[in-house]
Amino acid sequence: MTSLSDPSATARPFDVHGGSERPHKSYPEVPAATAIGWLRQMYLIREFETRCMQSYQDKKIGGFCHVYIGQEAVAVGCTAAVQHSDPIVTAYRDHGHALARGMSARACMAEMFGRIGGCAKGKGGSMHMFDRANNLFGGHGIVGAQIPLGVGLAFAAKYEDEVIKGGRSSRVALAFLGDGALNQGAFHEAMNLAGLLDIPCVVICENNGYSMGTHIARGTTMAHRLGVKGAAYGIDSYEVDGMDVFAVYHDMHEICETARRTSRPAFVDMRCYRFKGHSMSDPRKYRGREEEEHWEADDPIQKLRVHLQSRGELSDELWKQMVKDVRAEVKDSVDWSDASPAPSREELMRDVFMERWGPYTGSSQPEMLGGAENVPSFEAIDPSKARTPGELA
């Protein structure tokens, strides 16, 4: 995490962040078991996304598909830095966030396949991962649309804590966006409200240097100091090295706890790089292979693995077993999703309204939440509160 006070910037080979260096600093050690857990989470995301690419080519996945390969440290480190009760919302490159937040690989892959066993019963697909039990509120396909939702989630949590419960604000919300969303009006409207109303939302720009195929410096002002976007609204802004899970965790923990304590927003320029294209249809002609190899040498997964092995905290046998277990888990998710049925025609009339109304048959929770019918989302994890059609009449 670095200060944004120095306006100087010098271009360097393979720079994709507008001229300024990624921040570097030393961090306190974390317990080996914690770091190994992060390594497994990141490798699970990597393997899951690799299988998604294969399944897309096999025509098991339709529509758009945006994989998270290269950015795994961001989702894992940010999720570890906050509490389970803190709401999270993200954009359409969302599979990694869902897995890091605790969604099962089965529910995530089934949603990719458009099957009834998916987290949104196959109706959302790749861009709409949603897990109410883990306070993950999407996965959103419209560029920048999730940022006002993140601010709204933070406002709702603060209102519940302070007004309804009569206590003090105790939660923060995380709102993730790509650097391409910085120029959307929704971003600026949400940032203005967050700064004006003291809303504890941490807005995280996953700055991988490209808005689809456009280098950030060609499409965004002050690309070398994105923190000024937050400063313009009186919001504290930070730069974080998104290729290092230790940096992400420690910096984000400090940022989020400050937001929690002061009940104020923050803006984070999370410097990272996606190893694959914007989506599966992206041939990546706007950048060279030499640039990609430069960044792949800074792979956050391999960097953490080497660190743990050099300290004697991860044996070769443990690493091989981890790889074997994760691959088996992801393969199981593919097999399970293949066997999960497609949504029935009747599902077209479900989940339009929460309760029965006219031709609409009410709503039901996905399998991963127990399948309860006609239950408000905030009661989703308690199937006993389901109401029968007779009770609704």
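The coordinates are above.
Below is a short write-up of the structure.

Basis of the calculations
- Residues numbered from 1 in each chain as written.
- Predicted model: local features only at pLDDT ≥ 70, side-chain atom pairs only at ≥ 80, totals over all residues.
- Heavy atoms only, no water.
- Pairing = 2+ DSSP bridges.
- Helix = DSSP H or I, 4+ residues; strand = E, 2+ residues; numbered from the N terminus.
- Contact = heavy atoms within 4.5 Å.
- Axes fitted to C-alpha atoms, helices over the stretch in contact; angles between N-to-C directions.
- Buried < 20%, exposed > 50% of the residue type's maximum accessible area, 1.4 Å probe, protein only.
- Polar contact = N/O pair within 3.5 Å; in protein donor to acceptor, adjacent residues only side chain to side chain.

Taking strand neighbours across the sheet as the criterion, the five strands line up as β1-β2-β3-β7-β6 in an open arrangement whose pairing is parallel. Among the strands making up the open sheet, the edge pair consists of β1 (88-89) and β6 (236-241). As paired elements, strand β3 (residues 201-207) and strand β7 (residues 266-271) share six bridges and run parallel to each other. Pairing of Val202 across the sheet is with Ala266, part of β7. Those strands touched by helix α5 (residues 146-164) are β1, β2 (173-178) and β3, and its axis lies near 170 degrees from that of β2.

Here the focus is unusual backbone geometry. With a phi close to 55 degrees, Asn135 is a non-glycine residue in the positive phi region. By the secondary structure assignment, Asn135 is in the loop between α4 (105-113) and α5. Given the relative accessible area of 12%, Asn135 is considered buried. Look at Met222: it is not a glycine, yet its phi comes out positive at around 55 degrees. Turning to its location among the elements, Met222 is positioned in the loop between α7 (216-219) and α8 (227-231).

A few words now on the side chain of Ser363. Turning to its location among the elements, Ser363 is positioned in the loop between β9 (360-361) and α13 (389-392). In terms of polar contacts, Ser363 uses its side chain to reach the backbone carbonyl oxygen of Met354, at 2.7 Å. Not counting chain neighbours up to four residues away, the residues in contact with Ser363 comprise Arg350, Asp351, Phe353, Met354, Ala372, Glu373, Asn374 and Val375.

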